[in-house]
Amino acid sequence: MNNEALMTPKDAGEFLRINPKTVIRFAREQLIPAMRVGKQWRFRRGDLTAWTRKQVKSTRQPVE
């Protein structure tokens, strides 16, 4: 079981340096890893870290 504390959209926004409303929109659109706890969105820092690393790798272009 993962004992990592869950982040609010505000916390996740600060971590990702984006607006909390954008965090919620990304969660709804399943663009970032998120979960619903009741009616609230929550995020794990480790999941967001892994997601950001994946985004960086997927946007790299080969140098010619």
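See the structure above.
A brief report on the enclosed structure follows. These figures come from a predicted structure and were not determined experimentally. (Residues numbered from 1 in each chain as written. Predicted model: local features only at pLDDT ≥ 70, side-chain atom pairs only at ≥ 80, totals over all residues. Heavy atoms only, no water.)

**Focus on the pattern of salt bridges**
For the structure shown, the criterion picks out two salt bridges. Across the salt bridge formed by Lys10 and Glu14, the nearest N and O atoms sit 3.5 Å from each other. You can see Lys10 and its partner Glu14 sitting in helix H1 (residues 9–16), four residues apart, about one turn around the helix. Considered together, Lys10 and Glu14 belong to a single accessibility category, that of exposed residues. For Arg25, the salt bridge goes to Glu29, with nearest N and O atoms at 3.9 Å. Residue Arg25 is classed as partly exposed on the basis of its relative accessible area of 40%. We classify Glu29 as partly exposed; its relative accessible area is 45%. (Salt bridge = Lys/Arg side-chain N within 4 Å of Asp/Glu carboxyl O. Helix = DSSP H or I, 4+ residues; strand = E, 2+ residues; numbered from the N terminus. Buried < 20%, exposed > 50% of the residue type's maximum accessible area, 1.4 Å probe, protein only.)

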